[in-house]
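Residues per chain, in single letters:
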Amino acid sequence: MYIAPNADVIPTPGQSKIREVRAFVSCSTEYGASDVHDTADTHWIMGLPDKDGTWDHVTTHPPITNPMSRYPKYSGSRSSWGVARVPTVIVEIEDEEGRIGVSASTGGEAAAFIIERHLAMFVEGSNVRDRSLMWEQMWRASIHYSRKGLGVHAISAVDLALWDLVGKTVGEPVFNLMGGRTKERIPVYATTSRPDLAKDLGFRGAKIPLPYGPAEGPEGMKKNVAFVANWREKVGPEFSLMLDCYMALDWPYTAELYRRLELFHLRWIEEPLMPDEYAAHARLAEKIEGMGATTFFATGEHEYTRYGYQQLIEAGVGLLQPDVMWMGGPTEFARVVAQANAQGVEVVPHGCGVYGYYMAMPFESIGLAEFMMMSEQADAIEPNFGVVFKNEPLPVDGYITLPDSPGFGLELNHDALHLERPYSER
Ligand SMILES: [Mg+2]
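Residues numbered from 1 in each chain as written. Predicted model: local features only at pLDDT ≥ 70, side-chain atom pairs only at ≥ 80, totals over all residues.

> What exactly am I supposed to notice about the overall build of the protein here?
Each helix and strand counted, the protein has 12 helices and 12 strands in total. For 426 residues, the compact-globule estimate of 2.2 N^0.38 gives 22 Å, and the C-alpha radius of gyration of the protein, at 21 Å, lies within 12% of that figure. On the principal axes, the C-alpha backbone points of the protein span a range of 65 × 55 × 45 Å. Counting all 426 residues of the protein, 49% fall into the buried class. Considering only contacts within the protein whose residues lie at least 6 apart along the sequence, 71% involve residues at least 24 apart. (Helix = DSSP H or I, 4+ residues; strand = E, 2+ residues; numbered from the N terminus. Rg over C-alpha atoms; globule rule 2.2 N^0.38 Å. Buried ≥ 20, exposed ≤ 12 C-beta atoms within 10 Å, placed from the backbone. Contact = placed C-beta atoms within 7 Å.)

Right, here's the structure in full:
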């Protein structure tokens, strides 16, 4: 039996130590969020059609099936069940020289509590270079209440801010510290209600939400097929088209959907099942393979750490979509990329705007990233985080170019955010 003879790590004398970890919630009156759902009901992403079920793509939009659609009371807009009630948390980590690493994640005041009252103790007084140790200590110390979800969002926010700070400390962009550039620019697809407009804007593909779930029965299934058929016809046979099912389905429904959609050659079908249904993932993967379908089985935006992704890989998922802002931060993201690569599984980072692009850059095996269309009618390119940062890089002709500025190169927009720090007292 091996018992690690761990001695405490003493920060190298002469190098700056971390002085303070601060966690904030935003009191912004404009859209400025880590959660893209924090928008009005007239936004396409809320999936609210007209009363008769139709939409005009202006103030009404195609429905978006989701885990709550099965309950009539919550079957309308996604705001009806509070999709964005847990808002953004923003973290600053300052060292003794006054350098500040910043980050954003989802978790609001609850995450701020975990970060300030617990995780900060493993970070303050440490050297920012020692991120693996800090990650491991945050992970082990929070295991009795965390493992997945909010607690790991909090770890991710701290880890992102640490990577930003180490970049600012050594004067390098985060991707250089993770392996350097593997491509000149990052190709991005658009997540949108308007693949036609995404194509016109130069995106490398488009992903649409599935409108109807099992609760709408055989009629809903038919309407789903017609919906995809219509978009395939509008964008032509060559343009990459993907379908997001946002955890709304079960495995037999999804298998039937695969069968009926095969002729529209989607690039992937995403997140059909609730994340913990690993056995159902395995059944579905086996079914899809049996059909000889060419469409990837993609999922993973609500999975956490290498342990969770291993379960998805073993279940037969072909494409993982880790969200670095939620799943454990860059320290863990790099491990999951290696793990997926060694087992022949693709990785396309989930959402999270600029953070996803910084994760795509240093890994040769990642060839695509996601851009969320944040304009209400999905007709214009707007920053993923709204007013949170002053300088998010935006796509041009379907590609993101990343600057060489240190860290993640992001500047918090303090004037717009009106940040409040609810748990400053230790
Ligand atoms: Mg998704």
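> Could you clarify how one ought to interpret the domain arrangement of the protein in this entry?
Accessible area lost during the coming together of the parts is what is often quoted as the interface size. Taken domain by domain, the protein comprises domain 1 (1-39 + 84-171 + 409-426) and domain 2 (177-400). On a C-alpha basis, the centres of domain 1 and domain 2 stand 27 Å from each other. Listed per partner, the contact involves 29 residues of domain 1 and 26 residues of domain 2. In terms of residue count, the dominant contributor to the side of domain 1 that touches domain 2 is helix H3 (residues 150-170) (9 residues). Taken together, the residues of the side of domain 1 that touches domain 2 break down into 14 nonpolar, 10 polar and 5 charged. (Domains from an automatic or database assignment. Nonpolar A, V, L, I, M, F, W, Y, C, P; charged D, E, K, R; others polar.)

> Would you mind going over the environment of Ser103 with me for this structure?
Looking at the secondary structure, you find Ser103 in strand S3 (residues 100-106). What makes Ser103 buried here is the crowd of 28 C-beta atoms within 10 Å. Expressed as a C-alpha distance, the spacing of Ser103 and Ala23, which sit 80 residues apart in the sequence, is 9.6 Å. Look past the residues within four positions of Ser103 in its chain and what remains in contact with it is Val91, Ala157, Leu160, Ala161 and Asp164.

> Honestly, H3 in this entry has me stumped. Any pointers?
Since there are 3.6 residues in each turn of an α-helix, residues three or four apart along the chain are aligned in direction. For H3, spanning 21 residues, the distance from its first C-alpha to its last is 31 Å, which sits close to the expected 30 Å at 1.5 Å a residue. With 19 of its 21 residues buried, H3 lies for the most part within the structure. Directly beyond the C-terminal end of H3, a positive phi value near 75 degrees is found at Gly171. (Expected span 1.5 Å × (residues − 1).)

> So what exactly am I meant to see when it comes to helix H2 (residues 131-141) here?
For H2, the full list of buried residues reads Arg131, Met134, Trp135, Met138 and Trp139. Along H2, the residues classed as buried sweep out an arc of 130 degrees about the axis, all on the same side. Residues Ser132 and Arg140 are exposed on H2 and point more than 90 degrees away from its buried face. As for H2, its buried residues are in contact with H3 and helix H10 (329-342). (Arc of directions from axis to C-beta.)

> Looking at this structure, how should I read the packing of helix H7 (residues 251-261) against helix H8 (residues 278-291)?
How two helices sit against one another is set out by the angle between their axes and by the gap between those axes. Two elements in contact, H7 and H8, have axes whose closest approach is 9 Å; the angle formed by their N-to-C orientations is 20 degrees. Between H7 and H8, the angle falls in the class roughly parallel. The chirality of how H7 crosses H8 is right-handed. From H7, Trp251, Thr254, Ala255, Tyr258 and Arg259 reach across to H8, where they touch Ala280, Arg283, Leu284, Lys287, Ile288 and Met291. Of the residues assigned to the contact of H7 with H8, the class counts are 7 nonpolar, 1 polar and 3 charged. (Axes fitted to C-alpha atoms, helices over the stretch in contact; angles between N-to-C directions. Parallel < 35°, antiparallel > 145°, perpendicular 65-115°, else oblique. Left-handed = near helix turned anticlockwise from the far one by under 90°.)

> It is not clear to me how the pairing of strand S6 (residues 241-244) should be interpreted in this structure. Could you clarify?
Residue alternation in S6 divides its side chains into two sets, Leu241 and Leu243 and Met242 and Asp244, and both sets are buried. Pairing analysis gives 4 bridges linking strand S5 (residues 206-209) to S6, with the strands arranged parallel. Residue pairing across strands places Pro209 opposite Asp244, the latter belonging to S6. In this view, the connection linking S5 to its parallel neighbour S6 by way of helix H6 (residues 217-235) has right-handed handedness. Here S6 pairs with strand S7 (residues 268-270) via 2 bridges, running parallel. Considered in S7, the bridge of Leu243 is made with Ile269. Taking the sense of rotation as the criterion, the β-α-β connection linking S6, H7 and S7 turns out right-handed. (Pairing = 2+ DSSP bridges. Right-handed = clockwise from strand over helix to strand, strands pointing away.)

> How should I be thinking about the sheet that holds S3 in this particular structure?
Strand pairing in a sheet takes place through backbone hydrogen bonds and is either antiparallel or parallel in direction. Across the sheet, which stays open at both edges, the 3 strands sit in the order S1-S2-S3 with antiparallel pairing between neighbours. The open sheet has two edge strands with one neighbour each: strand S1 (18-24) and S3. Averaged over all pairs of adjacent strands, the angle between strand axes in this sheet comes to 15 degrees, irrespective of strand direction. Where strand S2 (residues 88-95) lies against S3, 7 bridges are found, and the strand directions are antiparallel. Bridge pairing links Val91 to Ser103 in S3. Contacts from H3 reach S1, S2 and S3 within the one sheet, and its direction differs from that of S3 by about 155 degrees.

> Would you mind going over the nonpolar core with me for this structure?
A general trend in soluble globular proteins is that nonpolar side chains are found buried together. Judged by nonpolar contacts, the single largest core of 119 residues is most densely connected at Val91, Ile115, Leu119, Val158 and Tyr358. Counting residues per element, this core draws most heavily on H3, which supplies 12 residues. Taken domain by domain, the makeup of this core includes at least three residues from each of domain 1 (1-39 + 84-171 + 409-426) and domain 2 (177-400). Discounting residues that sit within four places of it in the chain, Leu119 has contacts with Ile114, Met138, Ala154, Ile155 and Val158. (Core = buried A, V, L, I, M, F, W, Y, C linked by C-beta atoms within 7 Å.)

> Sorry, what's going on with unusual backbone geometry here?
Peptide bonds are, in most cases, trans, and in most cases residues other than glycine have a negative phi. Although it is not a glycine, Arg147 sits at a positive phi angle of roughly 75 degrees. By the secondary structure assignment, Arg147 is in the loop between H2 and H3. One non-glycine residue, His265, adopts positive backbone phi at about 30 degrees. When you line up the elements, His265 lands in the loop between H7 and S7. Note on His265: 14 C-beta atoms within 10 Å, which makes it partly exposed.

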